[in-house]
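Now for the letters of each chain:
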Amino acid sequence: MRPYTALLALFGFIFPHVSVYPSDSAPMTSSYGPLLLTVTSKTVVGTFFDGRGEPGVSGVPPFTCIFMLSGRIEGSSAQIVTWTPGDKALIPGELVLGNGEVSITLRDNQAGCEMAGDDMVSAPWTGSFVTTNPSWIGVDMVAADRAILRPIPTNSTRQGRYLIRFDPVVILERQMEWVKVGYLAGERTMKGWLRRSELMPVDHPPGSRISSGSVH
């Protein structure tokens, strides 16, 4: 549990999800545990954050599997590329969605994923539907080392709730240089405004290179 999560209720900034199990096999924007996806009729964008071991003072486990993904949906599957923020190497793979489950198979494992228990090469990683919300319009990750969640989109110096680098978020609204995000903390969502510059680029890095090998 993140150090501040247990304190959120004291400030009244936690909100319940809308949790609806998929009624059919159509791909949908959802949380699948460590995987967050935004799905449209043609594209899928996602973040993956999983960890193993007791979190340190920073709130991050010692072994982590962290990457972003994007691809084009065809039916219930997508050919995707994945990348670790800050690394220009793109690893291709396949994502399959349907019946409340998702699977990912990659050509190579992202750095750290095997240590975190998330091998996606020898067998597909699979996850089950957790929750969805019609207000989600995208997903992203925090780029700043420490990003204060503001109650309104202003440059106030107000201290309080914050997110740290690589925290995955859902996008709720965009206003010029500001983005309203939600951080999923168990059954609740912590909401606030961040600057666009405090988030990762959603598209893969320019000058990226595709790794060699084949997807099983």
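The notes below deal with the structure included here. (Residues numbered from 1 in each chain as written. Predicted model: local features only at pLDDT ≥ 70, side-chain atom pairs only at ≥ 80, totals over all residues. Heavy atoms only, no water.)

On to the environment of Arg-196. The residue Arg-196 is located in the loop between strand S15 (188-195) and strand S16 (209-210) in this model. On a C-alpha basis, the gap between Arg-196 and Ala-143 in space is 9.5 Å, while along the polypeptide they are 53 residues apart. Not counting chain neighbours up to four residues away, the residues in contact with Arg-196 comprise Arg-174, Met-176, Glu-177, Trp-178 and Val-179. Side-chain polar atoms of Arg-196 contact the backbone oxygen of Met-176, separated by 2.5 Å. (Helix = DSSP H or I, 4+ residues; strand = E, 2+ residues; numbered from the N terminus. Contact = heavy atoms within 4.5 Å. Polar contact = N/O pair within 3.5 Å; in protein donor to acceptor, adjacent residues only side chain to side chain.)

So, about the state of the cysteines. Inspection of the entire model under this criterion finds one disulfide. Linked covalently through their sulfurs, Cys-65 and Cys-113 form a disulfide whose S-S length is 1.9 Å. Between Cys-65 and Cys-113, the disulfide has an S-S torsion of 75° and is therefore right-handed. Remark: Cys-113 occurs in the loop between strand S8 (101-106) and strand S9 (125-128) and Cys-65 occurs in strand S5 (residues 63-74); sequence separation between them is 48 residues. A relative accessible area of 0% means that Cys-65 is categorised as buried. (Disulfide = S-S within 2.5 Å. Buried < 20%, exposed > 50% of the residue type's maximum accessible area, 1.4 Å probe, protein only.)

What follows deals with the nonpolar core. In a soluble, globular protein the nonpolar side chains are often hidden away together inside. Counting residues in hydrophobic clusters, the biggest one holds 23 residues, and the most contacted among them are Leu-35, Leu-37, Leu-69 and Ile-104. Among the elements that make up this core, the one with the highest residue count is S5 (four residues). Once residues lying within four places of it in the same chain are set aside, the contact partners of Leu-37 are Thr-29, Ser-30, Tyr-32, Val-44, Val-45, Gly-46, Leu-69, Leu-95, Leu-97, Val-102 and Val-139. By size, the runner-up hydrophobic cluster in this structure holds 14 residues, among which are Val-169, Ile-171, Val-181 and Tyr-183. (Core = buried A, V, L, I, M, F, W, Y, C linked by side-chain atoms within 4.5 Å.)

Geometrically, a pair of aromatic rings is defined through the distance of the ring centres and the angle of the planes. By the definition in use, this model includes three aromatic pairs. The lysine or arginine in question, Arg-146, covers the ring of Tyr-162, its NZ or CZ lying 3.9 Å from the ring centre. (Phe/Tyr/Trp six-rings, centres within 6.5 Å; stacked < 30°, edge-to-face > 60°. Lys NZ or Arg CZ within 6 Å of the ring centre and 35° of its normal.)

The next point concerns the pairing of strand S4 (residues 43-52). Taken together, the five bridges between strand S3 (residues 35-39) and S4 define a ladder with antiparallel strand orientation. Considered in S4, the bridge of Val-39 is made with Val-44. Between S3 and S4, which follow one another and run antiparallel, lie three residues. Judged from the ten bridges that link them, S4 and S5 form a sheet pairing that is antiparallel. Each residue of the ladder has a partner; that of Thr-43, found in S5, is Arg-72. (Pairing = 2+ DSSP bridges.)

It is worth spelling out the pairing of S9 at this point. Side chains Trp-125 and Gly-127 of S9 all project onto a buried face; the interleaved residues Thr-126 and Ser-128 project onto a face where none is buried. Relative to S9, S8 is paired through four bridges, and the arrangement is antiparallel. Across the sheet, residue Ile-104 finds its bridge partner in S9, namely Trp-125.

Turning our eyes to something else, we now look at unusual backbone geometry. Despite not being glycine, Phe-166 has its phi angle at roughly 80°, a positive value. As for its placement among the helices and strands, Phe-166 is situated in the loop between strand S12 (162-164) and strand S13 (168-175).

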